[in-house]
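Below are the chains, spelled out letter by letter.
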Amino acid sequence: MGQQSSRTSAGKGKGKEFVKEITPQAVDYSQWYIDVVLKTEMMDYAPVKGCMAIRPYGYAIWEKIQELLDRRIKETGHQNAYFPLFIPQQLLQKEAAHVEGFAPEVALVTRGGDEKLSEPLVVRPTSEAIICDFYSRWIQSWRDLPLLINQWCNVVRWEKVTRPFLRTSEFLWQEGHTCHRTEEEAEAEALKILGLYQEFLETEMAIPVIAGRKSEREKFAGALRTYTIEGLMRDGRALQAGTSHNLGQHFARVFDITYLDQDDTLKYVWQTSWGVSTRLIGALIMVHGDDRGLVLPPQIAPLQAVMVPILSKKAKDEVLAAAHRLTGILQQQAGIRLKLDDREGYSPGWKFNEWEMKGVPLRIELGPRDLQKEQVVVVRRDNGDKETLSWTELPRRLPLLLDQLQEDLYRRALQYQQEHTRSGADYDEFLQVMEHDYGFYVASWCGREECELKAKEESKATIRCIPFNRQLEHESCLVCGEKAAELVYFARAY
RNA sequence: CGGGGCGUAGCGCAGUUUGGUAGCGCGCUUGGUUCGGGACCAAGAGGUCGCGAGUUCAAAUCUCGCCGCUCCGACCA
């Protein structure tokens, strides 16, 4: 692990620095991120470069993402299935652009046991190739369409630069792979899923995103068109949070996925593929987190509230009994994910800091004084607001507080995104912005890759997406000044 | 893949310049006193010094190689 001496050694006094050992964002954002994922026990590094263990607290978040997203995927008519981890190398090589795109980062298995394999096996970097191989046999007739399948799995991409959750050599994701009769239907599917992703991120994860199309240069290897949702992190850099591809007939042609249509002619299917990954956890951390650690939106938080009893010597038994009773009632009547932290040997203050670092949305304090008045103190993680509530109103009030917190997190994130979105036609200003403040820069573009590359070389920013249905704000290209064709979002990206 | 930093107990570090039997703080264990924002006392446990070669009577320390983490640049969910 790297060294960081950026700690603020706040001393032992009752200062404001309760959460020790997390580098402040303003000091070193990258180090803040690393500190948070390690100290909150979301992950731990593996002995193999770029790999990690996702620890229970991190995995619980992934399970919430899976639960909420899987429901949506099924509600739109998709079924889950599982395809093999190993792909014969020749299969991957069938689609030219696809191989070219993934070749630099595939892991290859050349031995099995003590025998050399006659044909090397690729560890899936994505499953288009292997799934298309199956689809070519499963699809015969127009009646077999549309075919709507999703799988949850791990994939491997041999990355050179890795960061926990954001880019690892192995990661978890879901990948949908669909086949359709017509181009229109495939296009509609790709857009429907993008909308589904956007709705999921905004309502469940409280992360606002910009939805749009990728430029030719940025699109998926082998796709006709790639759609994306882009989020803005707290350091002003953009993160691609999900993608949806209209694959056209590129794969259908090389994998020979054909069906006999009603007019008695053999036709190639139109395909889509789409996915989101454990990278979403990284987005969650960066969009909402603060100097005290994680801040989790209630919908995604494994724990929505934690009750901390304050155990004075005389009232210890009574407080604990009341805390247990209240916890049970709230779990049932309020239907919230609540934990009672009744560990002994940790002071209340220690527990406060611990759960704040882990981002639990609400803390409920119950002490001897509260016992007499049959009340508790409830504290919000996001803004520290405290309120005293009677036991009787808790079951009704807690869900409302959680809803409010969820909404506030989204609003705050949206406000940040808007405040860090500039638009203009001044290339020098654009370079300045990308040098110092980052954020989105909305500009006009002529559509030529030459300008895209020039901007990238000079600013390190890329075209993150071309948003839907937006009027040009300026007539000429930000870079070359020629007639503009499209409105685009530039940003420095993860 | 190129450049910089780092790797000593679970975590943070000292020790390396000038080779000579591995130390501090936190955490952990046990017992006791505590408990409304990281409590205190006492007694303990815990280390092949990233891995592998080499130099040497002797290597955490010197030499070479490799691995990993991290930051900055070229490719990507």
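Keep in mind it's a predicted model, so treat the numbers as computed, not measured.

Calculation criteria
Residues numbered from 1 in each chain as written. Chains lettered and ligands numbered in written order. Predicted model: local features only at pLDDT ≥ 70, side-chain atom pairs only at ≥ 80, totals over all residues. Heavy atoms only, no water. Buried < 20%, exposed > 50% of the residue type's maximum accessible area, 1.4 Å probe, protein only. Helix = DSSP H or I, 4+ residues; strand = E, 2+ residues; numbered from the N terminus. Pairing = 2+ DSSP bridges. Axes fitted to C-alpha atoms, helices over the stretch in contact; angles between N-to-C directions. Contact = heavy atoms within 4.5 Å.

Caption draft 1: Region of interest: the pairing of strand S8 (residues 170–180). Counted residue by residue, S8 has 9 buried out of 11 residues, so it is predominantly covered. Direction of pairing for strand S7 (residues 147–156) relative to S8: antiparallel, over a ladder of 10 bridges. Each bridged residue has a counterpart across the sheet, and for Val 156 the counterpart in S8 is Glu 170. Across 8 bridges, the pairing between S8 and strand S14 (residues 270–277) is antiparallel. Counterpart to Glu 175 in the pairing with S14 is Gly 275.

Caption draft 2: Structural view of the sheet that holds strand S15 (residues 305–309). If you trace the 5 strands from one edge of the open sheet to the other, you get S16-S15-S17-S18-S19, paired in mixed fashion. Both outer strands of the open sheet, strand S16 (338–340) and strand S19 (386–390), are each paired with one neighbouring strand and no more. The mean angle between the axes of side-by-side strands here comes to 25°, regardless of whether they run parallel or antiparallel. Sheet analysis places S15 next to strand S17 (residues 362–366), joined by 5 bridges and oriented parallel. Bridge pairing links Pro 309 to Leu 366 in S17. Here helix H9 (residues 316–333) sits on the sheet in contact with S15, S16, S17 and strand S18 (375–380), set at roughly 165° to S15. Sheet contacts for helix H10 (residues 348–357): S15, S16 and S17; angle to S15, the most-contacted strand, approximately 170°.

Caption draft 3: Summary view of the side chain of Thr 23. Locating Thr 23 in the fold gives a position in the segment before helix H1 (29–39). Of the residues examined, Thr 23 reaches a relative accessible area of 0% and is grouped as buried.

Caption draft 4: Here's a closer look at the pairing of S17. The element S17 is extensively covered by neighbouring structure, given that 5 of its 5 residues are classed as buried. Of the two faces of S17, both are covered, the one formed by Leu 362, Ile 364 and Leu 366 as well as the one formed by Arg 363 and Glu 365. In terms of strand pairing, S17 meets S18 through 4 bridges, oriented antiparallel. Each residue of the ladder has a partner; that of Ile 364, found in S18, is Val 378.

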